[in-house]
Structures are given as structure tokens and as C-alpha cells.
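# Structural characterization, general
Here is how the chains run, residue by residue.
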Amino acid sequence: MRVINSVKELKRHLSEERKKDKSIGLVPTMGALHEGHISLVEQCIADNEICVVSIFVNPTQFNDKNDFASYPRTPEKDYAMLEEAGCDYIFAPSEEEMYPEPDMRVFDFGSITDVMEGAYRPGHFNGVAQVVSKLFYAVEPCKAYFGEKDFQQIAVIRVMVKQLDIPVEIIACPILRESTGLAMSSRNTRLTPEQHQKASLIAHTLKESATFVPGKKVHEVIDYVINALNNEPVFRVEYFDIVNRDTLQSIHNWTETTDPIGCIAVYCGEVRLIDNITYKN
Ligand code: AMP
């Protein structure tokens, strides 16, 4: 496994691999890796001859400076986990390397970015598109791997590659959870032990809400989830909505679409967590 910090050096190595006809897969991450990330890496290794994992805490996608500053950074542990998993190249650029010039690009992805993460984190998906497009130009992967925990992000990336004509296949990977059901996240390390224990209620409540379908109306299920969590003083639900999984727009009746998805962002203390559940109707 090689750790590479410069785009030029990365391109040099990968062009050698391409000359040998090797297929290249990319897993973009912000580091502070956990088993959820490793499940993407394992899928990438299974599908491609060369696996590249990028580690870069991208400043342009953080709308909250404190969140950026307090985002966990554990490079040594990350490298050890990736070596163990069988990754071939880690790309870990500095901010200057990734943004030698300020990235002034403004994307328009239409209504999919007007809702949920797009509405509550202004500029977030623009920053994601800036960094992921740069990673795609640097690595030129055949396939790139993203977790369904960030469901809206996958929808945005799919639109982005079409708009920019980038020839990469986007592979969505399932959410990995802790034994309590809590979706694995780098941010979980910022929870106190008590908060960590309580946080399992998020997935638990989502799962429970699925048992009400189709008996209860969509808005009743939404109210149930929001109230159940807000009743616990440790939580503050930022949003919970049940949406069409393709358009990400709210649904009002279960019959409007197949497999609608419920997406939540909730503060557990100071830590913002996201999760989602697919409803079968
Ligand atoms: P991040 O480092 O948080 O930007 O995440 C990098 C990639 O890992 C994203 O595509 C995430 O959706 C994915 N990911 C994060 N947590 C999980 C998880 N619990 N299960 C599956 N994928 C995940």
C-alpha cells in the first residue's frame, strides 16, 4: 500500500496501472475510518484490481466552522485499517494540493438539493461536488463507492457525473450498523458514553415506525418519529421526512411511490447524526 499526497504523483502511479489494463476503484472518505468505510473498501477490492481510498476532510462542504474544526482526524489508525483491508493506494492530499486555487464553481442540481441536507446545510452539496469531481478527475476510476447512510449524497453525485459527463459508475453500498442498530459514523466518537447508548434509539425508532406502514398515514408516521425522539431531552430532530427515493421530494400517500425512504438528521447533544430507512408499502 502506498500513501500519496500529490495529485501529480497519484496520476503517475495510476497511469502505470492503467497501462497494465488494471481496473481502478475509488472510495472517497474524510478519514476517521470505521467498519462502515471498510465495507465500502472491501466492495471496491472485490470489484476492481486496484483500490484507491482518498482521505480528505474537505473544508468546502462544511457550513459550520466548528464542525470542521472538531471533525475527528486519525490518520495513523486509518492507514493501519486500510493496509489490513488490502487497499492499494491512499490519497491523502493537503488543502493546498486539493485547492491550489479557490474553487469558484457553483453547481445547480435542481430540486434534489433543495431539501433535507441541502436545505439545512447550505452549500454542503456544492462543496461535496467540488471535491468529488476533483477526485474523479485525479483518479479517473471505473467505479466509485458511496454509502447509503448519505442517501441524498449518492443522488447528487449521480446527477453530477451526468452533468459533467464523467465516465464513472456509482456504486451504492448498504449502511453498516453497530450491534445496537446505531449507524456507524466518524461522529459517533464525539458522543459521551451515555449519548452513545441513547443514540441507538434513532435506528430503533425508525425501525419501529416501519411497522406502522401502511396502517398509519405518512404524516402520522413522520409525527411519531419526531415526537418519540424529541421526547428524549438528549435529542433535537432537525428534520425527518419521508420522500420518493428518486426525486427526494416529500410523499403524502404511501401509494405515490415504491420503497419510499425516511431520512433523519438529529442532534444528539452537540453531535449531528443522520440515518435513513426504506419503507416497504
Ligand atoms: P465520510 O468519511 O463520512 O465522508 O464517509 C465516506 C463514505 O463512507 C461515504 O460514502 C459514506 O456514506 C460512507 N459511510 C459512512 N458511514 C457508513 C456506514 N455506517 N455504512 C456504510 N457506509 C458508510
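Predicted model only: the values in this text are computed from it and were never measured.

### Concerning the overall build of the protein chain
Across its full length, the protein chain holds ten helices and nine strands. A compact globule built from 281 residues should have a C-alpha radius of gyration of about 19 Å, and the protein chain, at 19 Å, falls within 12% of that. Oriented by its inertia axes, the alpha-carbon framework of the protein chain measures out at about 60 × 40 × 35 Å. Here the protein chain holds 281 residues, and the buried ones make up 52% of them. In the protein chain, the share of contacts with a sequence separation of at least 24, taken over all contacts with a separation of at least 6, comes to 72%.

### Structural notes on the site of the ligand
Lining the immediate surroundings of the ligand are 17 residues, of which Met30, Gly147, Asp150, Leu176 and Met184 lie closest. A distance of 2.9 Å separates an oxygen atom of the ligand from a polar atom in the backbone of Met30. The backbone of Leu176 places a nitrogen or oxygen atom 2.8 Å from a nitrogen atom of the ligand. With the chains in place, 92% of the 490 Å² that the ligand exposes on its own is no longer accessible. Those elements giving two or more residues to the shell around the ligand turn out to be strand S2 (24–29), helix H2 (35–47) and strand S5 (143–147). In terms of residues, the shell around the ligand owes the most to one element, H2, which gives three residues. Residues of the shell around the ligand, tallied by class, amount to nine nonpolar, six polar and two charged.

### Considerations on the domain arrangement of the protein chain
In terms of domain boundaries, the protein chain breaks down into domain 1 (2–173) and domain 2 (186–274). A straight line from the C-alpha centre of domain 1 to that of domain 2 covers 26 Å. Contact residues are listed per partner, giving 21 residues for domain 1 and 18 residues for domain 2. Interface area, domain 1 with domain 2, both sides summed: about 1700 Å², of which 58% is carbon and sulfur. Counting across the domain 1 and domain 2 interface gives three salt bridges. Between Asp67 and Arg187 there is a salt bridge, and its shortest N-O distance comes to 2.8 Å. There are seven residue pairs in polar contact (both at pLDDT 80 or more) connecting domain 1 and domain 2. Mapped by element, the contributors of at least two residues to the side of domain 1 that touches domain 2 are helix H3 (65–70), helix H6 (117–120) and helix H8 (151–163).

### As for the sheet that holds S2
If you trace the six strands from one edge of the open sheet to the other, you get S1-S4-S3-S2-S5-S6, paired in parallel fashion. Both edges of this open sheet fall to strand S1 (2–4) and strand S6 (169–173), since each of them pairs with a single strand only. Strand-to-strand twist in this sheet, taken as the mean axis angle between neighbours without regard to direction, amounts to 25°. Across five bridges, S5 lies against S6 in parallel orientation. By the bridge assignment for S6, Phe146 is matched with Ala172. Seen against the sheet, helix H1 (residues 7–19) touches S1, S2, strand S3 (50–55) and strand S4 (89–91) and runs at an angle of roughly 150° to S4. Along the sheet, H2 makes contact with S2, S3, S5 and S6, crossing S5 at roughly 155°.

### What about the nonpolar core?
If you look at the biggest cluster of nonpolar residues, it comprises 45 residues, and the most contacted ones within it are Val52, Phe136 and Ile170. If one sorts the elements of this core by residue count, helix H7 (residues 124–139) sits on top with nine residues. Inspection of this core shows a minimum of three residues originating in each of domain 1 (2–173) and domain 2 (186–274). Val225, Phe235, Ile264 and Leu273 belong to the second largest nonpolar core, which has 24 residues in total.

### Regarding the pairing of strand S7 (residues 235–243)
The buried count for S7 comes to eight of nine residues, which makes it a mostly enclosed element. Sheet analysis places S7 next to strand S8 (residues 261–268), joined by eight bridges and oriented antiparallel. The residue of S8 that forms the bridge with Ile242 is Gly262.

### Digging into the packing of H7 against H8
Relative orientation of the contacting elements H7 and H8 amounts to 55°, with a least axis distance of 10 Å. Considering the angle they form, H7 stands oblique to H8. H8 is crossed by H7, and the crossing has right-handed handedness. Residues Phe125, Val128, Ala129, Val132, Ser133 and Phe136 of H7 pack against Gln152, Gln153, Val156, Ile157, Met160 and Val161 of H8.

Calculation criteria
- Residues numbered from 1 in each chain as written.
- Predicted model: local features only at pLDDT ≥ 70, side-chain atom pairs only at ≥ 80, totals over all residues.
- Heavy atoms only, no water.
- Helix = DSSP H or I, 4+ residues; strand = E, 2+ residues; numbered from the N terminus.
- Rg over C-alpha atoms; globule rule 2.2 N^0.38 Å.
- Buried < 20%, exposed > 50% of the residue type's maximum accessible area, 1.4 Å probe, protein only.
- Contact = heavy atoms within 4.5 Å.
- Near = heavy atom within 4 Å.
- Polar contact = N/O pair within 3.5 Å; in protein donor to acceptor, adjacent residues only side chain to side chain.
- Areas by Shrake-Rupley, 256 points an atom, 1.4 Å probe, with all protein chains shown as cover.
- Nonpolar A, V, L, I, M, F, W, Y, C, P; charged D, E, K, R; others polar.
- Domains from an automatic or database assignment.
- Buried area = accessible area lost by both parts, 1.4 Å probe.
- Salt bridge = Lys/Arg side-chain N within 4 Å of Asp/Glu carboxyl O.
- Pairing = 2+ DSSP bridges.
- Axes fitted to C-alpha atoms, helices over the stretch in contact; angles between N-to-C directions.
- Core = buried A, V, L, I, M, F, W, Y, C linked by side-chain atoms within 4.5 Å.
- Parallel < 35°, antiparallel > 145°, perpendicular 65-115°, else oblique.
- Left-handed = near helix turned anticlockwise from the far one by under 90°.

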